[in-house]
Amino acid sequence: MATVNDNYLKLKAGYLFPEIARRVNAFAQANPDAPIIRLGIGDVTEPLPEACRQAMIKAVEDMGDRSLFKGYGPEQGYEWLREKIAKHDFQARGCEIDASEIFVSDGSKCDTGNILEIFGHDNTIAVTDPVYPVYVDTNVMAGNTGEANDRGEYAGLVYLPISAENNFTAEIPSQKVDLVYLCFPNNPTGAVATKEYLKAWVDYAKANGTIIFFDAAYEAYVTDESLPRSIYEIEGARDCAIEFRSFSKNAGFTGTRCALTVVPKTLTAKASDGSDVELWKLWNRRQSTKFNGVSYIVQRGAEAVYSEEGQAQIKTLVNFYLENAKIIREQLTAAGLSVYGGVNAPYVWVKTPNGLSSWDFFDKLLNVCNVVGTPGSGFGAAGEGYFRISAFNSRENVVEAMKRITAKF
Ligand code: PLP
């Protein structure tokens, strides 16, 4: 008899977004004329930049030309894309990252989950609370945790609480952890990290043999030049950090799919016999065995992000969402709510008024304003009493949603 991976049975049943969809559908069925505005899920809404579209159209034509046709590409990504990423995203900001250390993939979501395959099951793993739920669930699936308690916290994980008291930046732990996930600009809180803060983590990681998983999916939203966009802007990070990046939120590739993971060749972890093993080699082996690369067409589209027009177009795109975030911040503040994030980040994190629970505020906003957001408690126990509003929507919808909220609160 076949058996299942029992770890999947530990996952909490009501995953956040299906539960939101269930409540919104029930409301829409009962109120078919309600003009619902969705500011919940972090998907982009603006179309692909022209430069990326043109590059992909050209790439489709290449595929119809026998002399230019491409079959399987390199599992790590085409050299021309990796070179551009290394130059523009890293070397131009003073980071010593070589093209060979960049692995192009079809998403940061899969990479942040898949990376666990090259690590042992005996690591102590830390996540912030609240957190991007993928980090937690992929550890549960991999068997790195015990069962969840009634707050949804899994045995075996170290939760680092983030709240207004610590500016939504976790304290450096007093205990030793082997792996830690950091996400800046942060989903869900919209918090950003200073260089000094990341330096403290790099120092901690180097002192303890910790590997930092640095998720920079929203780095393009950092417009303050004093803030780091990559962990490799911090001295020593090459020896303790893996960075995840994506074309989803800077260039609207959520449906097109392209991302990258940086594994420096200087990064090592211990084998069970105590020897040092290069993580680059293991990730390269993993990708070569289990992944056949991102399509040529999509990689050409991603390459166009680095052209002069591409750079100007993605800047316009990011600024558009940042302006939405500013409107949300200003309007909610004017409505008397306590508001965090939304500067250098596309998410606004709101304290629920009058001590309402996250889900009660969700229901109130849906019923009274017909606006959908995301309950903070869905991102972890410490997210209770908070609410996430996403700037990924049309200007018209953002303005209208804020008008309704300010009128009712
Ligand atoms: N990392 C974070 C923090 C995210 O919020 C998201 C998507 O919302 C991702 C990664 C996923 O990115 P991708 O579209 O590249 O899979």
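A quick note: this is a predicted structure, and the numbers were derived from the prediction, not measured.

### Comments concerning the environment of G236
Reasoning step 1: By the element assignment, G236 lies in the loop between β6 (211-215) and β7 (241-246).
Reasoning step 2: For the pair G236 and V202, spaced 34 residues apart in the sequence, the C-alpha separation amounts to 6.7 Å.
Reasoning step 3: Each residue touching G236, except ones within four places of it in the same chain, is listed here: V202 and K206.

### Here's the deal with the site of the ligand
Reasoning step 1: For the ligand, the set of nearby residues contains 14 residues, the closest of which are D215, Y218, S246, S248 and K249.
Reasoning step 2: Interatomic distance of 2.9 Å between a backbone N/O atom of K109 and an oxygen atom of the ligand.
Reasoning step 3: The separation between an oxygen atom of the ligand and a polar side-chain atom of N187 is 2.8 Å.
Reasoning step 4: Here the ligand, which alone exposes 400 Å², has 91% of that area covered by the protein.
Reasoning step 5: Counting residues per element, the ones that place at least two in the shell around the ligand are α4 (108-114) and α7 (248-251).

### Some points on the sheet that holds β7
Reasoning step 1: If you trace the 7 strands from one edge of the open sheet to the other, you get β2-β8-β7-β6-β5-β3-β4, paired in mixed fashion. Edge positions in the open sheet fall to β2 (102-105) and β4 (157-161), since each of these has one partner strand only. Looking at each pair of strands side by side, their axes are set apart by 20 degrees on average, direction ignored.
Reasoning step 2: Note that β6 and β7 share 4 bridges and pair parallel. Counted as the bridge partner of F214 is E243 from β7.
Reasoning step 3: Against the sheet, helix α8 (residues 279-290) touches β2, β6 and β8 (259-262), its axis set at about 25 degrees to β2.

### Observations regarding the sheet that holds strand β11 (residues 339-341)
Reasoning step 1: The sheet built from 4 strands is open, its strands ordered β11-β12-β15-β14 with antiparallel pairing. For this open sheet the edge positions go to β11 and β14 (374-375), each flanked by a neighbour on one side alone.
Reasoning step 2: Strand direction decides the pairing type here: β11 and strand β12 (residues 347-351), joined by 3 bridges, are antiparallel. Looking at β12, one finds that V339 is bridged to V350.
Reasoning step 3: The sheet strands contacting helix α10 (residues 308-334) are β11, β12 and β15 (386-390), and the helix crosses β11 at an angle near 160 degrees.

Reading the values: the criteria
Residues numbered from 1 in each chain as written. Predicted model: local features only at pLDDT ≥ 70, side-chain atom pairs only at ≥ 80, totals over all residues. Heavy atoms only, no water. Helix = DSSP H or I, 4+ residues; strand = E, 2+ residues; numbered from the N terminus. Contact = heavy atoms within 4.5 Å. Near = heavy atom within 4 Å. Polar contact = N/O pair within 3.5 Å; in protein donor to acceptor, adjacent residues only side chain to side chain. Areas by Shrake-Rupley, 256 points an atom, 1.4 Å probe, with all protein chains shown as cover. Pairing = 2+ DSSP bridges. Axes fitted to C-alpha atoms, helices over the stretch in contact; angles between N-to-C directions.

Such coordinate-based values are descriptive only and should not be taken to indicate function.
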